[in-house]
Amino acid sequence: MTAPASPTPSKPLSQDELKAQVGRAALAYVARGEIVGVGTGSTVNKFIDALATIKDEIKGAVSSSVASTERLRALGISVFDSNEVEELSVYIDGADEIDHRGFMVKGGGAALTREKIVAAQSRKFVCIADASKLVEVLGAFPLPVEVIPMAARRVMRQFAAMGGIAQVREKDGLPLVTDNGQHIVDVTGLKITDPLAFESTVSQWPGVVTVGVFAHQKADVCLLGTSEGVKTMEFAA
Ligand SMILES: O=C[C@H](O)[C@H](O)[C@H](O)COP(=O)(O)O
């Protein structure tokens, strides 16, 4: 008697392959003939590479960082200033964490301020991420907060009073300087159970430029890369 054949398990894809998969899948959300909002990061880089394959079908992009602008232009995609465009139909970006409501932590690549601006001018936010980014509660990933340098210590003390541990992000032994000429404070030890309230509170602290919780500019859709294929999650407004 022959044993019944067991189903062949799908081969796990590398993180890079998962990112490429969702980068390609996001093309389905790009309105042809329009300008698309483009985020920042390693997952978005895969999207930009995919976007280049349809570059003749779009008008161009509004970019959320110097790095994305350079990649877009190198691939022959026109980049518009966000002030030149009133509204975008879609914004495609990655995340450091996303929960089941579409709330996110972003800014691991220090681009959070421009990302929040472009997200705010877009009607739909499509988050592209590999499955490791999906969490129950935001806060395991160090929360990035862009601050005006003279406020850094005070902001860090405010996070300490909340139970967080904050430190200034460094690059080559010096405080990292963002595209906007500011610094980043990364905060660990927080459990962000009410992202809307948290974002509102921290955004009002003097010297905070942008907090990396994206709750008021949350995702409408998440394309999650898994070894079984792209899972589409849609979130209620
Ligand atoms: O500042 C960077 C952004 O918020 C990125 O979208 C985020 O850090 C995710 O990046 P990655 O796709 O490289 O994980």
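Source: prediction; values computed, not measured.

Draft legend 1. Examining the state of the cysteines more closely. Summed over the entire model, instances satisfying the criterion amount to zero disulfides. Free of any disulfide, Cys-222 has its nearest neighbouring cysteine sulfur in Cys-127, separated by 4.2 Å.

Draft legend 2. Inspection of the site of the ligand at higher detail. Around the ligand lies a shell of 16 residues, among which Ser-42, Thr-43, Asp-96, Glu-115 and Lys-133 are the nearest. Separating an oxygen atom of the ligand from a side-chain N or O atom of Glu-115 is a distance of 2.7 Å. Its residues assigned to classes, the shell around the ligand shows three nonpolar, eight polar and five charged.

Draft legend 3. Expanded view of the domain arrangement of the protein. Each domain of the protein was delimited in the assignment, giving domain 1 (15–135 + 216–234) and domain 2 (143–211). In this structure, domain 1 and domain 2 have C-alpha centres spaced 24 Å apart. Across the contact, 16 residues belong to domain 1 and 18 residues belong to domain 2. Scanning the region where domain 1 abuts domain 2 turns up one salt bridge. With a closest N to O distance of 2.5 Å, Glu-199 and Lys-116 form a salt bridge. Viewed at the interface, domain 2 and domain 1 are joined by 10 residue pairs in polar contact (both at pLDDT 80 or more).

Draft legend 4. Summary view of the nonpolar core. Counting 25 residues, the largest nonpolar core has Leu-143, Val-145, Phe-159, Val-185, Val-187 and Phe-198 as its most contacted members. Mapped by element, the contributors of at least two residues to this core are β8 (143–147), α5 (152–161), β9 (165–168), β12 (183–188), α6 (195–203) and β13 (208–211). Here this core takes four residues from α5, the largest share from any one element. Residues in contact with Val-145, not counting those within four places in the same chain, are Leu-112, Phe-159, His-183, Ile-184, Val-185, Val-187, Val-208, Thr-210 and Val-211. Counting 24 residues, the second-largest nonpolar core is a separate cluster that includes Val-44, Ala-50, Val-79 and Val-221.

Draft legend 5. Geometry of helix α2 (residues 42–51). Those residues of α2 that sit buried are Thr-43, Val-44, Phe-47, Ile-48, Ala-50 and Leu-51. On an axial view of α2, the arc spanned by its buried residues comes to 160°, and they lie on one face.

Draft legend 6. Quick look at the pattern of salt bridges. Taken as a whole and assessed by the stated rule, the structure comprises nine salt bridges. Connected through salt bridges with shared partners, the residues Asp-93, Lys-106 and Glu-115 form a single ionic network.

Draft legend 7. Representation of the sheet that holds β8. Taken in spatial order, the four strands of this open sheet run β9-β12-β8-β13, and their pairing is antiparallel. In this open sheet, the two strands that pair with only one neighbour each are β9 and β13. Neighbour to neighbour, the strand axes of the sheet diverge by 25° on average, direction disregarded. Contacting β8, β12 and β13, helix α4 (residues 112–120) crosses the sheet at an angle of about 70° to β13.

Here is what the cut-offs are and how they apply
Residues numbered from 1 in each chain as written. Predicted model: local features only at pLDDT ≥ 70, side-chain atom pairs only at ≥ 80, totals over all residues. Heavy atoms only, no water. Disulfide = S-S within 2.5 Å. Near = heavy atom within 4 Å. Polar contact = N/O pair within 3.5 Å; in protein donor to acceptor, adjacent residues only side chain to side chain. Nonpolar A, V, L, I, M, F, W, Y, C, P; charged D, E, K, R; others polar. Domains from an automatic or database assignment. Contact = heavy atoms within 4.5 Å. Salt bridge = Lys/Arg side-chain N within 4 Å of Asp/Glu carboxyl O. Core = buried A, V, L, I, M, F, W, Y, C linked by side-chain atoms within 4.5 Å. Buried < 20%, exposed > 50% of the residue type's maximum accessible area, 1.4 Å probe, protein only. Helix = DSSP H or I, 4+ residues; strand = E, 2+ residues; numbered from the N terminus. Arc of directions from axis to C-beta. Pairing = 2+ DSSP bridges. Axes fitted to C-alpha atoms, helices over the stretch in contact; angles between N-to-C directions.

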